[in-house]
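Examining the three-dimensional arrangement
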Amino acid sequence: MTVIVEQPEFGEVGTQEQKNHEENNELVLEGGFVVPESNTFGHIFRDYNAESERKDSVEEFYKQNHIHQTVDFVKRMREEYGKLNKVEMSIWECCELLNKFVDESDPDLDEPQIEHLLQTAEAIRKDHPNEDWLHLTGLIHDLGKVLSFPSFGELPQWAIVGDTFPVGCAFDESIVHHKYFKENPDHHNPAYNTKYGIYSEGCGLDKVLMSWGHDDYMYMVTKENKSTLPSTALFIIRFHSFYPLHRSGAYKHLMNDEDVENLKWLQIFNKYDLYSKSNVRIDVEKVKPYYLSLIEKDSNMDLRRKTDHRNEKPITAPPSLLEKMENGVGSLLIYLLNLWVDESVVVFVSKLVYELT
Ligand SMILES: O[C@H]1[C@H](O)[C@@H](O)[C@H](O)[C@@H](O)[C@H]1O
Ligand SMILES: [Fe+2]
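Residues numbered from 1 in each chain as written. Chains lettered and ligands numbered in written order. Predicted model: local features only at pLDDT ≥ 70, side-chain atom pairs only at ≥ 80, totals over all residues. Heavy atoms only, no water.

Naming follows an unreviewed UniProt entry, where the protein appears as Inositol oxygenase of Protea cynaroides. Under Catalytic activity (unreviewed entry), UniProt gives the following word-for-word description of the protein: "myo-inositol + O2 = D-glucuronate + H2O + H(+)". Taken verbatim from the UniProt record of the protein, the Subcellular location (unreviewed entry) comment is "Cytoplasm". (UniProt positions renumbered as here; feature names shortened; annotations may be inferred.)

In structure tokens form, the structure reads like this:
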């Protein structure tokens, strides 16, 4: 059930083959995934000013997003959704649910999200066939968009999608449709509108409150369910919409050394996330078995049991037992605890181990 992570090698993503393709106006990443020149609508990617049928609605989306994302709002959302007490659902069920969701913030895509999830994961798989943790990350990175469905609280889209940014410090100029922040109360609050605001140099992104949406929610779900995905995957999930950082280089003064390392992977991931938004259709049924096997491997991530251990208290072993956990039997206990089996089973096994050791 462990998703094996090979140590990443960071280097320039690019080869001679890539350069040849670049001359032909297309970009190829390492293995064979070809970056298209234009999005589904024939425009360059992330052009928020291009005349298109989505231009005005995307702008209206960002207006609402920028007015309402405040420190108070983010704190309330984190508190509320941190309980993970809404619904239990398997990863694949979430993927299928998202088929009914169209992202109002996205100028590049108006297809159901399941296509996007699989397009991202398949593009990564083409170039990095051995990084199965990154394939799974691609598959689940946007699942937090389920927040738009009634069972997950039916949040408005401005509280789910779009690029994210820190709250509690000045809104960087590079943020899409920045002008609408002038209607955000935090923008006029001296505690929140300076370069550092409530943060300090190098404090680490983990300490930073990000505008609330699918990224932070899915991060919470992944973390609290004790996914075996590596911490880099959690970083990617949490910050994949943080374009002001990973594209524009803003807010780097808040990063610590670990963030610097993780950012390299996020930038690799982003190429697939963004440029796989094309009209190349995916044969869902064909690739489904592979992704089900990845989900199975990271069995902690079966949201059926674990998205929502709502209202349940985390199960912890008694202190006397914790002392005995150095040995092999203790590891078995940790394993069982991590599986979040019924509490009575854990207590029974705990007692048994205690007696035997
Ligand atoms: O419109 C898109 C979309 O909502 C993506 O899921 C998000 O990750 C991007 O940052 C955003 O620009
Ligand atoms: Fe996303």
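Let us look at the UniProt feature "binding site: substrate" (unreviewed entry) in the protein. When the UniProt feature table is mapped to this numbering, "binding site: substrate" (unreviewed entry) covers R46, D103, E104, S105, K145, G162, D163, H240 and S241. As for its position among the elements, R46 is in the loop between β2 (34-35) and α2 (55-68). If we ignore the near neighbours within four places in the chain, the residues touching R46 are P107, D108, D163, V176, Y243, R247 and L274. Structurally, the position occupied by E104 is in the loop between α4 (91-97) and α5 (113-127). Classification of E104 by relative accessible area gives partly exposed; the value is 43%. (Helix = DSSP H or I, 4+ residues; strand = E, 2+ residues; numbered from the N terminus. Contact = heavy atoms within 4.5 Å. Buried < 20%, exposed > 50% of the residue type's maximum accessible area, 1.4 Å probe, protein only.)

On to the site of ligand 1. In the vicinity of ligand 1 lie 15 residues, with D103, S105, K145, D163 and S241 positioned nearest. D163 is positioned such that a nitrogen or oxygen atom in its side chain is 2.5 Å from an oxygen atom of ligand 1. The protein chains hide 99% of the 300 Å² of surface that ligand 1 would expose on its own. Partitioned by chemical class, the residues of the shell around ligand 1 number 4 nonpolar, 5 polar and 6 charged. (Near = heavy atom within 4 Å. Polar contact = N/O pair within 3.5 Å; in protein donor to acceptor, adjacent residues only side chain to side chain. Areas by Shrake-Rupley, 256 points an atom, 1.4 Å probe, with all protein chains shown as cover. Nonpolar A, V, L, I, M, F, W, Y, C, P; charged D, E, K, R; others polar.)

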